[in-house]
Amino acid sequence: MAGDLSTYSYKSAQNMHYMSLPADGKVQVMYVWIDGSGEHMRAKTKTMDFVPKCVEDCLEWNFDGSSTDQAEGSNSDLYLQPKAMFKDPFRLGDNKIVLCDIYKYNRKPEDKNFRYHCNQVMSHPDVVKTLPWFGIEQEYTFLSPDGHPFGWPKLGYPGPQGPYYCGVGADKVHGRAIVEAHYRACLYAGVKIAGTNAEVMPAQWEFQVGPCLGIEMGDHLWMARFLLHRVAEDFGVVVSLDPKPMAGDWNGAGAHTNFSTQEMRDENGIVAIKEAVKKLSKKHDKHIFAYDPKEGRDNARRLTGLHETSSLGDFSSGVANRGASIRIPRHCGENGCGYMEDRRPASNCDPYRVTEALIRSCVLDDWSDFFVHSDAMGPLPEDSE
């Protein structure tokens with residue numbers, strides 16, 4: 001059976017001998033990047049003769065972009081530039097994992113290199129001084145290799161939603177061993193994971209990353225995603241970030257994004273929060289465009305106004321309202337300061353895209369140079385009335 005822990009344990013024991021062999025002073029550095037889908041990740045490993053102390057110690061590398069939907073075969077070499085370094089929870093020791101930017105043959109950012117554009121915005125002096133904090137709640141679903149939700153009856157459905165959220169027991173949750181392994185892998189690697197819980201639909205889980213400052217949010221969430229896929233691989237289980245993995249009366253999956261500036265966190269910051277919400281209301285269509293890889297088409301299956309979601313076409317906000325576009329947590333309303341939660345981003349969103357959009361609307365009030373890649377399905381929408 002896929003995901004059988006006894007099979008996993010056997011494979012781990014079998015592999016332990018090889019992983020314990022000395023590396024003769026060499027270090028393995030795994031280079032990780034986002035492929036042409038804008039959702040999935042690729043990785044390959046380089047041997048280094050010394051232990052890198054910082055990401056700048058890791059050399060630029062290249063890969064075949066024609067095999068990742070990022071280049072044509074006649075001009076396929078793309079460059080990998082390491083941008084964030086983490087400890088390797090699989091190989092242990094001095095081995096590392098680096099998250100990379102991608103650049104084309106002419107040294108310009110590859111079309112789906114949204115980190116480049118996000119970093120330009122986060123480095124703007126008017127943004128830096130606001131100390132923007134982010135936290136993202138990443139929902140996801142475990143699937144068996146055949147695409148069926150992990151632990152669900154093969155010829156039917158589990159009972160209705162209700163007992164599964166933060167549930168305990170074999171009849172309530174599926175895949176906890178994977179969740180715990182991923183949690184520990186993130187802590188070891190240095191990912192700023194903040195917590196985890198079982199979600200409303202069985203086989204659906206969530207982990208939280210943050211608070212993170214600026215560009216760090218995208219770096220840490222993408223690495224947490226990579227580690228999740230890699231851990232689940234060891235268990236023979238598939239991770240889906242589809243925003244609506246099961247049609248019908250089942251919750252979808254989002255990436256609720258918590259955001260604040262120093263002004264919002266200070267005393268009477270609720271004034272700044274409400275002003276930011278007002279700005280967001282005027283840019284709703286732009287945010288929907290930026291909040292999933294298909295410019296809103298994925299989210300259209302999820303943001304229906306049902307199952308704790310707002311409606312795709314309407315902007316709304318409220319205190320403690322999980323059916324709103326923007327939720328102000330109750331304790332922030334009571335304290336008069338804190339943060340707000342944007343509940344619109346889809347589970348398969350690019351966090352660089354999401355955090356950049358929030359800064360453009362709430363801090364810079366400027367979308368004039370927002371990058372729209374060449375294979376986008378449409379132009380950036382006009383502002384809402």
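The structure displayed is predicted, hence computed values, not measured ones.

### Let's talk about the overall build of the chain
And then number 1: Counting its secondary structure elements, the chain contains 10 helices and 13 strands.
And then number 2: Its C-alpha atoms give the chain a radius of gyration of 21 Å, within 12% of the compact-globule value 21 Å for 385 residues.
And then number 3: For the chain, buried positions account for 52% of its 385 residues.
And then number 4: A sequence separation of at least 24 residues applies to 65% of the contacts in the chain between residues at least 6 apart.
And then number 5: Of the roughly 17400 Å² of accessible surface on the chain, a fraction of 51% belongs to carbon and sulfur atoms.
And then number 6: Each charge class in the chain was averaged separately, 42 positive and 53 negative side chains, and the resulting centres sit 2 Å apart.

### Section: the sheet that holds strand S2 (residues 41–48)
And then number 1: Taken in spatial order, the 5 strands line up as S2-S1-S5-S4-S3 in an open sheet, and their pairing is mixed. Edge positions in the sheet fall to S2 and strand S3 (61–64), since each of these pairs with one other strand and no more. Recorded for the sheet is a direction-independent mean angle of 40° between the axes of neighbouring strands.
And then number 2: Here strand S4 (residues 77–87) pairs with strand S5 (residues 96–103) via 8 bridges, running antiparallel. If you follow methionine 85 over to S5, its bridge partner there is valine 98.

### A look at the nonpolar core
And then number 1: Judged by nonpolar contacts, the single largest core of 71 residues is most densely connected at Tyr140, Phe142 and Met340.
And then number 2: A per-element tally of this core places helix H5 (residues 216–234) first, with 10 residues.
And then number 3: Apart from the residues lying within four places of it in its own chain, the contact partners of methionine 340 are Thr257, Asn258, Phe259, Met264, Ile273, Ala276, Val277, Leu280, Ile326, Arg327, Pro329 and Cys362.
And then number 4: One finds Val29, Cys58, Phe63 and Val98 within the second-largest nonpolar core, a separate group that totals 14 residues.

### Observations regarding the packing of helix H7 (residues 270–282) against helix H10 (residues 351–364)
The description of two helices packed together rests on the angle between their axes and the distance between the axes.
And then number 1: Running from N to C, H7 and H10 point in directions that differ by 115°, and their axes come no closer than 9 Å. Put simply, H7 runs roughly perpendicular to H10. Note on packing geometry: the crossing formed by H7 with H10 is right-handed. The residues of H10 that touch H7, namely those facing Ala276, Lys279 and Leu280, are Leu358, Ser361 and Cys362.

### Regarding the environment of aspartate 375
And then number 1: Residue position: aspartate 375 is located in the segment after H10.
And then number 2: Exposure remark for aspartate 375: the relative accessible area of 49% places this residue in the partly exposed category.
And then number 3: Taking the C-alpha atoms as reference points, aspartate 375 and glycine 338, 37 residues apart in sequence, are found 38 Å from one another.

### Here's the deal with the packing of aromatic side chains
And then number 1: On inspection of all chains with the given rule, the structure shows 9 aromatic pairs.
And then number 2: Note on phenylalanine 134 and phenylalanine 259: the rings are 5.2 Å apart at their centroids and 25° apart in plane angle, and the pair reads as stacked. Placement of phenylalanine 134 in strand S6 (residues 133–143) and of phenylalanine 259 in strand S10 (residues 255–260) is noted, with a sequence separation of 125 residues between them.
And then number 3: Take phenylalanine 259: its relative accessible area is 1%, and that puts it in the buried class.

### Section: the packing of helix H2 (residues 114–122) against H10
And then number 1: H10 packs onto H2 with a crossing angle of 30° between their chain directions and a minimal axis gap of 9 Å. What the angle tells us is that H2 and H10 run roughly parallel. Crossing hand, H2 versus H10: left-handed. Where H2 abuts H10, its residues Phe114, Arg115, His117, Cys118, Val121 and Met122 lie against Tyr352, Arg353, Thr355, Glu356, Ile359, Arg360 and Leu364.
And then number 2: Of the residues assigned to the contact of H2 with H10, the class counts are 7 nonpolar, 2 polar and 4 charged.

### Let's talk about the pairing of strand S7 (residues 193–198)
And then number 1: Both S7 and strand S8 (residues 204–213) contribute to a ladder of 5 bridges, which runs antiparallel. Opposite alanine 198, over in S8, you have tryptophan 205 as the bridge partner.

### Observations regarding unusual backbone geometry
And then number 1: In this model, glycine 210 is joined to proline 211 through a cis peptide bond whose omega is 0°.
And then number 2: Note that proline 211 resides in strand S8.
And then number 3: For leucine 131, which is not a glycine, the phi torsion comes out positive at approximately 50°.
And then number 4: Relative to the assigned elements, leucine 131 resides in the loop between helix H3 (125–128) and S6.
And then number 5: Accessibility expressed as a relative area gives 35% for leucine 131, which makes it partly exposed.
And then number 6: Phi at glutamate 308 is positive, roughly 60°, even though this residue is not glycine.
And then number 7: Within the element layout of this structure, glutamate 308 appears in the loop between helix H8 (284–290) and strand S11 (317–319).
And then number 8: On the basis of relative accessibility, which here comes to 41%, the residue glutamate 308 falls in the partly exposed class.

Cut-off values and rules
- Residues numbered from 1 in each chain as written.
- Predicted model: local features only at pLDDT ≥ 70, side-chain atom pairs only at ≥ 80, totals over all residues.
- Heavy atoms only, no water.
- Helix = DSSP H or I, 4+ residues; strand = E, 2+ residues; numbered from the N terminus.
- Rg over C-alpha atoms; globule rule 2.2 N^0.38 Å.
- Buried < 20%, exposed > 50% of the residue type's maximum accessible area, 1.4 Å probe, protein only.
- Contact = heavy atoms within 4.5 Å.
- Areas by Shrake-Rupley, 256 points an atom, 1.4 Å probe, with all protein chains shown as cover.
- Lys, Arg positive; Asp, Glu negative; His and termini not counted.
- Charge placed at Lys NZ, Arg CZ, Asp CG, Glu CD.
- Pairing = 2+ DSSP bridges.
- Axes fitted to C-alpha atoms, helices over the stretch in contact; angles between N-to-C directions.
- Core = buried A, V, L, I, M, F, W, Y, C linked by side-chain atoms within 4.5 Å.
- Parallel < 35°, antiparallel > 145°, perpendicular 65-115°, else oblique.
- Left-handed = near helix turned anticlockwise from the far one by under 90°.
- Phe/Tyr/Trp six-rings, centres within 6.5 Å; stacked < 30°, edge-to-face > 60°.
- Nonpolar A, V, L, I, M, F, W, Y, C, P; charged D, E, K, R; others polar.

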